[in-house]
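Inside the fold
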Amino acid sequence: MKELAGTGLFYAILGLGALGAAILPRVVANRPLSAPMIFLATGFGVFLLPYGGLPDLDPVASGSAVTHLTEMCVIVALMGAGLAINRPFGPRSWATTWQLLGAAMPLTILATALVAWGLLGWAPAVALLVAAVLAPTDPVLAGEVRVGEPTDARYDEDEVRFALTSEAGLNDGLAFPFVAAAVALTTASPEGWSGSWVGHWAWYDVLLRVAMGTVVGMAFGRLLGRLFFQARNESLRLSAHSEGFVALATAFAAYGLAELLHGYGFLAVFATAVSLRAAERPHGYHRVMHTFMDQIERLLTAALLFLVGGYVAQGGLSALTWQGATLALLLLLVIRPVIGFLSQRPATGAPSARLVIAGFGIRGIGSFFYLAYALDHAEFAAPAAQLWALVTFTVLVSVFLHGAAATPVVARLDRRNRRDRRDGAGAESDTAPEDP
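Note that the structure is predicted; figures quoted are calculated from it, not measured. (Residues numbered from 1 in each chain as written. Predicted model: local features only at pLDDT ≥ 70, side-chain atom pairs only at ≥ 80, totals over all residues. Heavy atoms only, no water.)

**Observations regarding the overall build of the protein**
Secondary structure assignment for the protein yields 15 helices and zero strands. Each of the 436 residues in the protein was classed as buried or not, and the buried ones make up 53%. Here the contacts in the protein between residues at least 6 apart in sequence split such that 81% fall between residues at least 24 apart. Counting every atom, the protein has about 18600 Å² of accessible surface; 66% of that belongs to carbon and sulfur. (Helix = DSSP H or I, 4+ residues; strand = E, 2+ residues; numbered from the N terminus. Buried < 20%, exposed > 50% of the residue type's maximum accessible area, 1.4 Å probe, protein only. Contact = heavy atoms within 4.5 Å. Areas by Shrake-Rupley, 256 points an atom, 1.4 Å probe, with all protein chains shown as cover.)

**Things to note about the packing of aromatic side chains**
In total, this model carries 22 aromatic pairs according to the counting rule given. Ring plane angle 75° and centroid distance 6.1 Å describe the contact between F176 and F369, whose orientation is recorded as edge-to-face. Here F176, found in helix α7 (residues 176–188), pairs with F369, found in helix α14 (residues 365–377); they are 193 residues apart in sequence, far enough to count as distant. Owing to a relative accessible area of 5%, F176 belongs among the buried residues under this scheme. Judged by relative accessible area, which is 1%, F369 ranks as buried. Every member of this aromatic cluster is reached through a ring pair, and the members are F176, Y255, Y264, F266, F369, Y370 and Y373. Over the ring of F162 we find R87, and its NZ or CZ is 3.9 Å from the ring centre. Above the ring of F176, the side-chain terminus of R209 is found at 5.8 Å from the ring centroid. (Phe/Tyr/Trp six-rings, centres within 6.5 Å; stacked < 30°, edge-to-face > 60°. Lys NZ or Arg CZ within 6 Å of the ring centre and 35° of its normal.)

**Comments concerning the packing of helix α6 (residues 159–174) against helix α10 (residues 265–279)**
Packing of α6 against α10 brings their axes to within 6 Å, and their N-to-C directions diverge by 150°. By the angle between their directions, the pair α6 and α10 is classed as roughly antiparallel. Remark: the crossing between α6 and α10 carries left-handed chirality. Facing S166, G169, L170, D172, G173 and L174 of α6, the residues of α10 in contact are F266, L267 and F270. When grouped by side-chain class, the residues that make up the contact of α6 with α10 number five nonpolar, three polar and one charged. (Axes fitted to C-alpha atoms, helices over the stretch in contact; angles between N-to-C directions. Parallel < 35°, antiparallel > 145°, perpendicular 65-115°, else oblique. Left-handed = near helix turned anticlockwise from the far one by under 90°. Nonpolar A, V, L, I, M, F, W, Y, C, P; charged D, E, K, R; others polar.)

**Section: helix α3 (residues 63–84)**
Because an α-helix packs 3.6 residues into every turn, residues spaced three or four apart end up facing the same way. In a regular helix each residue adds 1.5 Å, so 22 residues correspond to 32 Å; α3 covers 32 Å between its end C-alpha atoms and thus fits that length. Burial analysis of α3 places 17 of its 22 residues in the buried class, which makes it a mostly covered element. (Expected span 1.5 Å × (residues − 1).)

**Observations regarding the pattern of salt bridges**
Oppositely charged side chains can pair when the atoms bearing their charge come close. Counting across every chain of the model gives four salt bridges. R336 is the partner of E167 in a salt bridge, and the nearest nitrogen-oxygen pair spans 2.7 Å. Of the two residues, E167 is situated in helix α6 and R336 in helix α12 (residues 322–343); the sequence distance between them amounts to 169 residues. Side by side, E167 and R336 carry an identical accessibility label, which is buried. In this structure, the salt-bridge partner of R298 is D294, at a minimum N-O distance of 3.3 Å. (Salt bridge = Lys/Arg side-chain N within 4 Å of Asp/Glu carboxyl O.)

**What about the packing of α6 against helix α13 (residues 351–359)?**
In contact at an axis separation of 9 Å, α6 and α13 are set at 30° when each is read in the N-to-C sense. When the interaxial angle is binned, α6 and α13 end up roughly parallel. Classified by chirality, the crossing of α13 by α6 is right-handed. Together, E159, V160, A163 and L164 of α6 and A353, V356 and I357 of α13 make up the contact between the two elements. For the contact of α6 with α13, the per-class residue count stands at six nonpolar, no polar and one charged.

**With respect to unusual backbone geometry**
The backbone phi angle of H262 is positive, close to 65°, even though this residue is not glycine. Structurally, H262 is set in the loop between α9 (245–260) and α10.

**Here's the deal with the environment of D294**
Locating D294 in the fold gives a position in helix α11 (residues 285–313). Taking the C-alpha atoms as reference points, D294 and A81, separated by 213 residues in sequence, lie 8.9 Å from one another.

**Focus on a positive patch on the surface**
Residues R412, R415, R418 and R419 make up a contiguous surface patch of positive charge. Note on placement: R412 falls in helix α15 (residues 384–423). (Patch = residues over 30% accessible without salt bridge, like charges linked within 9 Å, V, L, I, M, F, W, Y side chains within 5 Å. Lys, Arg positive; Asp, Glu negative; His and termini not counted. Charge placed at Lys NZ, Arg CZ, Asp CG, Glu CD.)

**Description of a nonpolar patch on the surface**
A cluster of nonpolar side chains, contributed by L329, L330, L333, V334, V338, L342 and L401, occupies part of the molecular surface with about 580 Å² of accessible area. By the secondary structure assignment, V338 is in helix α12. Classification of V338 as partly exposed rests on a relative accessible area of 42%.

**What to know about the nonpolar core**
In this structure, W122, L129, F228 and F380 are the most contacted members of the largest nonpolar core, which totals 120 residues. Beyond its immediate chain neighbours, meaning those up to four positions away, W122 contacts A116, W117, A127, V130, A382, Q386, L387 and L390. Of all hydrophobic cores here, the second largest spans five residues; its members include V46, L54, F306 and A313. (Core = buried A, V, L, I, M, F, W, Y, C linked by side-chain atoms within 4.5 Å.)

Right, here's the structure in full:
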């Protein structure tokens, strides 16, 4: 009887969670609230109930399961983000993205690692790991600051939404070399510093794997673009059949191929989506695929955040120290906003837009993946429970802080953009320059 009750509870939670993933985004729209906040709070409340059928949530003991579940969620999110971006890929049109990736991201990792090393007294490898794990941004957890569904227009998304979405699409993959550096460093010198790993890391983890992931993604996306939209055989021209699950198949195939060829799968997925979108930009099939991926993404995100809330209810933050909490707050309130703002050239946007882009460096599912991955591949000179508590606390604060601020901040920015365009000032024009 107890087993039947446990099964009933599982399906009840599963069904109600799926309904919530469909309803909540519309209910909380235009409010200082977000669906991820509600899923976290719901998981926390459910796991506080005096019911014996709930599982013990321990990411340390279930590292492999956490890795694969979060990995799948990131893959789905990256595919959806790449399909949603209307702006053509290029060095000038994506200028803000390159500034965030080339300057803001490595400088944020450096600053976070130095604070972790000095404030918590952790070994260099542990400090670097924490900084690298917290590097990826995740606008999925605050939908107001990401681009919407694909449209016919090439530049209809404003700079804030475009920059945050494109940054997240690429830094989920570009964080991997820094995580690999932490794994290599702790393997060479768990408590101190060693440079013996740097050479291999530079050519393999940075140059080879980044290049391979990018090339595989772009080539695969172009190949599928020709197949989906230009194939003479209608059975192969999938755009004529409007089957959204093809996007999921494409994402998994791109990820797997890149990993088999020693490239970064996350980079390959996003590059595939961007290349596929470029093949026939105005075609309505992109919207079909994006809608399907968005639905899967919401389901996976709801499930993961529900479990995170349950983990917190079961004492997941008990290992958190005041130093760790201080590090998280410094990252979210000082390090990322300051570095993110200074990394953007004034020519790329008005100060208000650059400030919003810098401030909304949201941490989320990618951080959980990287921590689980690193702990599964090496031993670090810090308790795993303490690392999980720090990362979980950072994500919690980010979800509630950015989730509550996103609606009023972006609404005010949108009003200013409309007023500037109406008055002809053009101070915060959303039009990006075309690349030759």
